[in-house]
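Fold and geometry: a report
Listed here are the chains, written in short residue letters.
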Amino acid sequence: MAGADLKFACDCNKLRGTLVGITPASGTRVECFCHDCRAAEVYAGQPDPAPNAVQLYQTTPFHVRIDDGRDQLAPFAFSHKGPLRWQARCCGATMFLTARSPKLSFTSFRTDRLEDPDALGPVVARAFVRKPSGKRGHEGLARCIAGCARRAIGARLTGKWKDTPFFDAEGTPVADVHLVTKAERDALPLT
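Description of the structure in this document.

Things to note about the nonpolar core
With 22 residues, the main nonpolar core has Phe8, Leu19 and Phe96 as its most contacted residues. The set of elements that each furnish at least two residues to this core consists of β1 (4-9), β2 (16-22), β5 (64-68), β6 (73-77), β7 (84-88) and β8 (94-98). Per-element accounting of this core gives the leading share, three residues, to β7. The next biggest cluster of nonpolar side chains, apart from the first, holds seven residues, and it includes Ala40, Val42, Phe76 and Leu188.

A few points about the pairing of strand β9 (residues 107-110)
Two faces, one strand: in a regular strand the side chains alternate between the faces of the sheet. Covered by surrounding structure in β9 are Thr107 and Phe109 together with Ser108 and Arg110, the residues of both alternating faces. Direction of pairing for strand β4 (residues 54-59) relative to β9: antiparallel, over a ladder of four bridges. Its bridge partner being in β9, Leu56 is matched across the sheet by Arg110.

Overview of the sheet that holds strand β3 (residues 28-32)
Read across the sheet, nine strands follow the order β11-β10-β3-β4-β9-β8-β7-β6-β12 without closing on themselves; strand pairing throughout is mixed. Each edge of the open sheet is held by one strand with a lone partner, namely β11 (136-139) and β12 (178-179). Summarising the sheet, β3 and β4 pair through five bridges and their orientation is antiparallel. Bridging across to β4, Arg29 finds its partner in Tyr57. Where helix α1 (residues 35-43) meets the sheet, it contacts β3, β4, β6, β7, β8, β9, β11 and β12, and its direction lies at approximately 30° from that of β7. Strand contacts of helix α2 (residues 141-158): β3, β4, β10 (125-130) and β11, with the helix running at about 40° to β4, the strand carrying the most contacts.

Side note on unusual backbone geometry
Following Ala50, the chain continues to Pro51 via a peptide bond in cis, the omega torsion being 10°. Along the chain, the position of Pro51 falls in the loop between α1 and β4. Notably, Asn13 is not glycine yet its phi reads approximately 75°, a positive angle. With respect to the helices and strands, Asn13 occurs in the loop between β1 and β2. Even without a glycine there, the phi angle at Phe128 is positive, about 60°. Its place among the elements puts Phe128 in strand β10.

Comments concerning the environment of Ser26
Its location among the elements puts Ser26 in the loop between β2 and β3. For Ser26, a relative accessible area of 5% gives the class buried. Considering only alpha carbons, one finds Ser26 and Cys148, 122 residues apart in sequence, at a separation of 9.6 Å. The contacts of Ser26, once residues within four sequence positions are left out, are Gly21, Tyr57, Gln58, Thr59, Thr60, His63 and Arg151. Only 3.4 Å separates the side chain of Ser26 from the backbone oxygen of Gly21, close enough to count as a polar contact.

What counts and what doesn't
- Residues numbered from 1 in each chain as written.
- Predicted model: local features only at pLDDT ≥ 70, side-chain atom pairs only at ≥ 80, totals over all residues.
- Heavy atoms only, no water.
- Core = buried A, V, L, I, M, F, W, Y, C linked by side-chain atoms within 4.5 Å.
- Buried < 20%, exposed > 50% of the residue type's maximum accessible area, 1.4 Å probe, protein only.
- Helix = DSSP H or I, 4+ residues; strand = E, 2+ residues; numbered from the N terminus.
- Pairing = 2+ DSSP bridges.
- Contact = heavy atoms within 4.5 Å.
- Axes fitted to C-alpha atoms, helices over the stretch in contact; angles between N-to-C directions.
- Polar contact = N/O pair within 3.5 Å; in protein donor to acceptor, adjacent residues only side chain to side chain.

Shape descriptors only; they carry no functional weight alone.
Structure follows, in structure tokens:
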């Protein structure tokens, strides 16, 4: 099965690209209610999505092609070891989340950046959902983790992990990473 090519863009259209060769096995559609996803949105100058979730598609970086505006990629992180969150420098639109190393072939993509998010199929997992008890839990987590592991292992075995728009041949991010300070994070107006 050849798969579909799905166009995406940041809010101002300077950073544009394509999710290439997307099939049902290419990724997992997820809704995330976690504090970090919300904080990333607010830090990037986007509206707080609460009480709604951040809509994501988890796949591998080799499915991501940047067609225009590669110089607009701007990664930031909330810790020295945490994932990299990639926004468009031009308009602040949050776009991707990756591991810190290309060797872990993983990217999470903001589905609202697609022309047609429904082409990705239904949401199959929900993370950090508030339960009636007030605690948070997950729905479909096993399927989500299994898919991520299968795709990452496949990319590692085939060498496709090296095909990424986010890291150079030495494994260094293609743009300088801004480490968000604790003071910056604490100042975010999250409820």
